[in-house]
Amino acid sequence: MLLWLIITILFCLIVARDILIPIALSVLLGFMLYPVAEFLEKKGVPRILANLMVILLAGAVLFGVIFLMAKLIGSFMSDVPGMKEKVEENLSEFQQTINDWIGVTEEKQDEMLSKQSDAIYDSVSNFGKMVFSATATTVFKFFLLPVYVFLVLFYRDKFRIFLHQMIADRSRHTVENMITEISHVATKYLSGMTFVVVILSFINSTGLYLIGIKHAILFGLIAAIFNFIPYLGTIIGYLVVLVFALATQDINIAMRIIPFFFIVQFVENNILTPNIAGSQVKINPMVAIVSLIISGTIWGLAGMFVVIPYLAMLLIVFKHIPTLQPLAFLMSTTGTEHHSISWEGIKSKFKRWFGKNDQ
């Protein structure tokens, strides 16, 4: 029975993805914009006007980011023709290195590559068409986002009352606690992660510029935006930058990205995210990574962006239902604290080691 339920849910998520993705995103955006809308209402602004003001403000910020990205991408595209010679030079050097290391001549490498080139081209072409088609459809559906966000904000009290009416009187206090916790976690996490991405945009852009990477601002923004995807996002973003640098610039410059990546990763994991976004989303890495892969398969990049906040909401629901608390324990980080690596744990180990040496 449970297996059929899971299969049915997955089938519905796949079939109705074009409808569900904008709705899922609008709910998260509603949580993020809710504090501002509530503040305006407390100042006497009518709810309709407050919601419109908040959505227009968010739309203006988003338009500014898109406009900046478009300008940066336009500048990058104008330099693409001049990159061809450098790409060919780097490829020749790479082939020479392979020849020196394992004795495979450049002619043999070209022969091996030519056999696979058609298949690779077809695969990349088909993948590109699929991504473009999915992206075009998704972008078209996203025009409904402002409408959905407005309705979520406008009818938020109605949704709360609806849940209370659906639940027995003895459980209404539990439901109210769940709603409060979900609202707090979602709002804090989404607002915090947005701020973290803004900070990382400056850190990445400045660091890549000092390293000597061309179009540092563009690639700094790209690497930062991917940080909305936990665990995998930073790696994906920096892989994009590394591949670009290896193809178009000197290898010594490109290799500087790797230590810079570890520095940024450490700062983001141990300073920025814990102190800004908080440690509210206590999903263990195994569940998070598997969920990211599954959601990416079902909903693409949009699925990877939304899955973690919804998992956090689901975790709160499971914690408040006694029969589902074992699932909450399985999903959470509880029970592995002793084995986890943290900055506080490292400092305590150093204190013990140095304390023993002093004695």
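Model, not experiment: these values are computed from the prediction.

Chemist: What exactly am I supposed to notice about the packing of aromatic side chains here?
Modeler: Each aromatic ring pair is specified by the distance between its two centres and by the angle formed by the two planes. All chains considered together, the criterion is met by eight aromatic pairs. With 6.1 Å between their ring centres and 70° between their planes, Phe228 and Phe305 make a pair best called edge-to-face. Residue Phe228 is found in the loop between helix H8 (216–225) and helix H9 (233–248), and its partner Phe305 is found in helix H12 (residues 285–320); the two are separated by 77 residues along the sequence. For Phe305, a relative accessible area of 24% translates into the label partly exposed. Counting every residue linked through ring pairs, the aromatic cluster contains Tyr238, Phe260, Phe261 and Phe262.

Chemist: Before we go on, may I ask you to explain the packing of helix H2 (residues 17–42) against helix H5 (residues 145–154) in this structure?
Modeler: Helices that pack against each other are described as a pair by the angle of their axes relative to one another and the distance between those axes. Taken N-terminus to C-terminus, the directions of H2 and H5 make an angle of 55°; their axes are 8 Å apart at the nearest point. By the criterion of interaxial angle, the relationship of H2 to H5 is oblique. Where H2 crosses over H5, the two elements pack in a sense that is right-handed. Within the contact between the two elements, H2 uses Pro22, Ile23, Leu25, Ser26, Val27, Leu29, Gly30, Leu33 and Tyr34 and H5 uses Leu145, Tyr148, Val149, Val152 and Leu153. Residues belonging to the contact of H2 with H5 are distributed by class as follows: twelve nonpolar, two polar and no charged.

Chemist: Explanation requested: the pattern of salt bridges in the structure shown.
Modeler: Any two side chains of opposite charge can pair, on the condition that their charged atoms come close. In this structure the tally under the stated criterion is three salt bridges. A salt bridge links Glu41 to Arg47, with the shortest nitrogen-to-oxygen separation between them at 3.1 Å. On the basis of relative accessible area, Glu41 is assigned to the partly exposed category, the value being 22%. Among the ionic contacts, a cluster of salt bridges with common partners joins Glu41, Arg47, Arg156 and Asp157.

Rules behind the numbers
- Residues numbered from 1 in each chain as written.
- Predicted model: local features only at pLDDT ≥ 70, side-chain atom pairs only at ≥ 80, totals over all residues.
- Heavy atoms only, no water.
- Phe/Tyr/Trp six-rings, centres within 6.5 Å; stacked < 30°, edge-to-face > 60°.
- Helix = DSSP H or I, 4+ residues; strand = E, 2+ residues; numbered from the N terminus.
- Buried < 20%, exposed > 50% of the residue type's maximum accessible area, 1.4 Å probe, protein only.
- Axes fitted to C-alpha atoms, helices over the stretch in contact; angles between N-to-C directions.
- Parallel < 35°, antiparallel > 145°, perpendicular 65-115°, else oblique.
- Left-handed = near helix turned anticlockwise from the far one by under 90°.
- Contact = heavy atoms within 4.5 Å.
- Nonpolar A, V, L, I, M, F, W, Y, C, P; charged D, E, K, R; others polar.
- Salt bridge = Lys/Arg side-chain N within 4 Å of Asp/Glu carboxyl O.

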